[in-house]
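# Working through the structure, step by step
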Protein chains: 2
Amino acid sequence: MSIVTIERKVLEKNDEIARKNRDLFRSQNIFAINIVSSPGSGKTSILERTLEYFNGKVPVAVIEGDVHTDLDAQRIAKHNIPVVQVVTNGMCHLEAKFVSDSLSAFDGKNVRLLIIENVGNLVCPSNYDLGEAHKIVVLSTTEGDDKPLKYPAMFRNASVLLINKIDLVPYVNCSIETMVRNALTVNPKLKIFKMSCTTKEGIAEWCGWLQERIK
Amino acid sequence: MSIVTIERKVLEKNDEIARKNRDLFRSQNIFAINIVSSPGSGKTSILERTLEYFNGKVPVAVIEGDVHTDLDAQRIAKHNIPVVQVVTNGMCHLEAKFVSDSLSAFDGKNVRLLIIENVGNLVCPSNYDLGEAHKIVVLSTTEGDDKPLKYPAMFRNASVLLINKIDLVPYVNCSIETMVRNALTVNPKLKIFKMSCTTKEGIAEWCGWLQERIK
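Read on for a plain summary of the structure. Everything quoted here is computed from the prediction, not taken from an experiment.

If you tally the helices and strands in chain A, you get eight helices and seven strands. Computed over C-alpha atoms, the radius of gyration of chain A comes to 17 Å, within 12% of the 17 Å expected from 2.2 N^0.38 for 215 residues, which places it in the range of a compact globule. Oriented by its inertia axes, the alpha-carbon framework of chain A measures out at about 50 × 45 × 30 Å. Expressed as a percentage of the 215 residues in chain A, the buried residues total 58%. A separation of at least 24 residues holds for 72% of the contacts in chain A among residues at least 6 apart in sequence. Accessible area for chain A stands at about 9200 Å²; split by element, carbon and sulfur atoms hold 50% of it.

This brings us to the nonpolar core. Of all hydrophobic cores here, the largest spans 50 residues; its most connected members are A:V137, A:F155, A:L161, B:V137, B:F155 and B:L161. Secondary-structure elements contributing two or more residues to this core are strand 5 (134-140), helix 6 (152-157), strand 6 (160-164) and helix 7 (176-186) of chain A together with strand 5 (134-140), helix 6 (152-157), strand 6 (160-164) and helix 7 (176-186) of chain B.

Further remarks concern the pattern of salt bridges. A pair can form between side chains of opposite charge whenever their charged atoms are brought close. Residue and element names in this part refer to chain A. Counting across every chain of the model gives 22 salt bridges over all chains. The salt bridge involving R26 is made with D23; its shortest N-O contact spans 4.0 Å. Taken together, the positions of R26 and D23, both in helix 1 (residues 2-27) and three residues apart, correspond to about one turn of that helix. A relative accessible area of 58% places R26 in the exposed class. Judged by its relative accessible area of 47%, D23 is partly exposed. We note a salt bridge from K147 to D146, for which the minimum N-O separation is 2.7 Å. The pair formed by K147 and D146 is uniform in burial state, with each residue classed as buried. By sharing partners, the salt bridges in this structure join R49, E52 and K200 into a single network.

All names here are of chain B. Within the open sheet, the seven strands sit side by side as 3-2-4-1-5-6-7. Their pairing is parallel. Either end of the sheet is taken by a strand with one partner, and the two such strands are strand 3 (83-87) and strand 7 (191-194). Pairs of neighbouring strands in the sheet enclose a mean axial angle of 20 degrees, with direction left out of account. Of the strands in this sheet, strand 5, strand 6 and strand 7 touch helix 7, which is tilted by about 160 degrees from strand 7.

Superposing chain B onto chain A takes a rotation of 180 degrees combined with a translation of 0.0 Å along the rotation axis, leaving an RMSD of 0.0 Å. Here the two chains are linked by the operation of a two-fold rotation axis. An overlap of 100% is found between the interface residues of chain B and their copies at the interface of chain A, pointing to a shared contact surface.

Below, the discussion takes up the interface of chain B and chain A. Chain B puts 33 residues into the contact, and the matching count from chain A is 33 residues. Each partner contributes to the roughly 2700 Å² buried at the junction of chain B and chain A, and carbon and sulfur atoms together form 66% of this total. Among the residues of chain B in contact with chain A, B:P39, B:K150 and B:Y171 are the three that bury the most area, contributing 21% of the side total. Applying the counting rule to chain B against chain A returns four salt bridges. Among the salt bridges present, the one from A:K150 reaches B:D72, with a minimum N-O distance of 2.6 Å. Linking chain B with chain A are six residue pairs in polar contact (both at pLDDT 80 or more), by the criterion used here. Of all the secondary-structure elements, those providing two or more residues to the side of chain B that touches chain A are helix 1 (2-27), helix 3 (71-77) and helix 5 (147-150) of chain B. The element that contributes the greatest number of residues to the side of chain B that touches chain A is helix 1 of chain B, accounting for four residues.

So, about empty space enclosed by the protein. One pass over the structure, following the stated rule, counts one cavity of 30 Å³ or more. What the largest cavity holds in volume is close to 50 Å³. As for the largest cavity, its lining consists of 15 residues, and the residues nearest its centre are A:P39, A:E143, B:P39, B:T142 and B:E143. Of the residues belonging to the lining of the largest cavity, the class tally is two nonpolar, nine polar and four charged.

Take the side chain of A:E117 next. Residue and element names in this part refer to chain A. Tracing the chain through its elements places E117 in strand 4 (residues 113-117). One buried charged residue, E117, remains without a salt bridge, the closest side chain of opposite sign being K43 at 4.4 Å. Excluding residues within four positions of it along the chain, E117 makes contact with I35, K43, T44, L47, I63, E64, G65, D72 and L94.

Residue and element names in this part refer to chain A. Here we have seven strands laid out as an open sheet, ordered 3-2-4-1-5-6-7, and parallel in their pairing. The strands lining the two open edges of the sheet, one partner per strand, are strand 3 (83-87) and strand 7 (191-194). Between one strand and the next, the sheet's axes are offset by a mean angle of 20 degrees, whatever the strand orientation. Of the pairings in the sheet, the one linking strand 2 (residues 60-66) to strand 4 comprises five bridges and is parallel in character.

We now examine the packing of aromatic side chains. Each aromatic ring pair is summarised here by two numbers: the centre-to-centre distance and the angle between the ring planes. Residue and element names in this part refer to chain A. Evaluated as defined, the whole model comprises 11 aromatic pairs over all chains. The interplanar angle of 65 degrees and the centroid separation of 6.2 Å between the aromatic rings of F193 and W206 together place this pair among those described as edge-to-face. Of this pair, F193 sits in strand 7 while W206 sits in helix 8 (residues 203-213); the two residues are 13 residues apart in sequence, bridging distant segments of the chain. For W206, a relative accessible area of 1% gives the class buried. One aromatic cluster is present, built from ring pairs that chain together F31, F193, W206 and W209. Above the face of the Y53 ring, K57 is positioned so that its terminal group lies 4.5 Å from the ring centre.

Basis of the calculations
- Residues numbered from 1 in each chain as written.
- Chains lettered and ligands numbered in written order.
- Predicted model: local features only at pLDDT ≥ 70, side-chain atom pairs only at ≥ 80, totals over all residues.
- Heavy atoms only, no water.
- Helix = DSSP H or I, 4+ residues; strand = E, 2+ residues; numbered from the N terminus.
- Rg over C-alpha atoms; globule rule 2.2 N^0.38 Å.
- Buried < 20%, exposed > 50% of the residue type's maximum accessible area, 1.4 Å probe, protein only.
- Contact = heavy atoms within 4.5 Å.
- Areas by Shrake-Rupley, 256 points an atom, 1.4 Å probe, with all protein chains shown as cover.
- Core = buried A, V, L, I, M, F, W, Y, C linked by side-chain atoms within 4.5 Å.
- Salt bridge = Lys/Arg side-chain N within 4 Å of Asp/Glu carboxyl O.
- Pairing = 2+ DSSP bridges.
- Axes fitted to C-alpha atoms, helices over the stretch in contact; angles between N-to-C directions.
- Least-squares fit on C-alpha atoms with pLDDT ≥ 70 in both.
- Buried area = accessible area lost by both parts, 1.4 Å probe.
- Polar contact = N/O pair within 3.5 Å; in protein donor to acceptor, adjacent residues only side chain to side chain.
- 1 Å grid on protein atoms, 1.4 Å probe; cavity = no way out; pocket = protein on both sides within 12 Å on 5 of 7 lines; lining within 4 Å.
- Points joined across faces, edges and corners; volume = space filled by probe spheres on them.
- Nonpolar A, V, L, I, M, F, W, Y, C, P; charged D, E, K, R; others polar.
- Lys, Arg positive; Asp, Glu negative; His and termini not counted.
- Phe/Tyr/Trp six-rings, centres within 6.5 Å; stacked < 30°, edge-to-face > 60°.
- Lys NZ or Arg CZ within 6 Å of the ring centre and 35° of its normal.

Structure, rendered in structure tokens:
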């Protein structure tokens, strides 16, 4: 039973730091989101489209979480915004401490929107609060419409679902209608946006939702 | 440091059971493979195509690992072969004990090929030996060609890479050539098959490789 105890202690410690992050974000008017999904669902592409949308209009900062490499941070740095790369060295999720340790890099930048891209993993990051205002789960049509039922914790803990790669529906075995129904079965409160980073369909609606929440 | 110690103990205990599984498979002429990937890469579809190929020719059994639901086991059961569903209840990977606990279901079936489908997760299952002869990693073209660099542990610990959904290459931002190069950078010994479960291209080559190893 010692493993369970240790795990609970890790989560309690994490929740404590997450609470401090949340207080800090609130006091500084920073709207923070935590984007989670499987590898390859399109988190970084959605992030890039979102940065293009807010370019020059809203001060945005990014924390990139990866098991290995800074490939994603390199993609984001091209958008000329402050970005911190967290390399977890094999760890399968971000923890609140990684976020609090990164925040000093954004001092004096007057950040209004902080986007945290988690490690690509549809299981483990669901347990770790980072202090974000919203957990945003991305699911691409190529992954199949059954995934909300098979990996329910992530969909239960998120408040927004971004259904990505809708342009690929004609070529894959996926019904968006079924995907939406499965997602709402797991979490009836989910706010859902459908989008494609290739055609840019749906990006404005998603960014409009963000815009309304940025002070 | 206690967390690290506990983690090491968990892994040591797992390795011990995995060794017993491996000895058992060897003594009973069972060729066991452990299929790993992100959610939605097509593990279950590849499994179905593989079962169709060996239908009536080789006695196959399947262990299905899922965080939640028995949706995959239901798909496999239609192929009239023995299947055990392991539901991990939130745990992000299979452990060797789940496999050893499942084996009695196959008593008297004269199984020659045992296919273990792991939980959809490109990070955590890489650490857990199940006693398999080969770890088979599936990566679909829709996930992007950078994934071997970003999630290297899984590609380093696998001996075979199945590049799936090659029929979708015209519609996605993925170069199979780059994916292969990135995979071989991480693990030069990887045996690589390219396939599509929709067109069935490449399925015979993959099953031929399996066939050669089944006694």
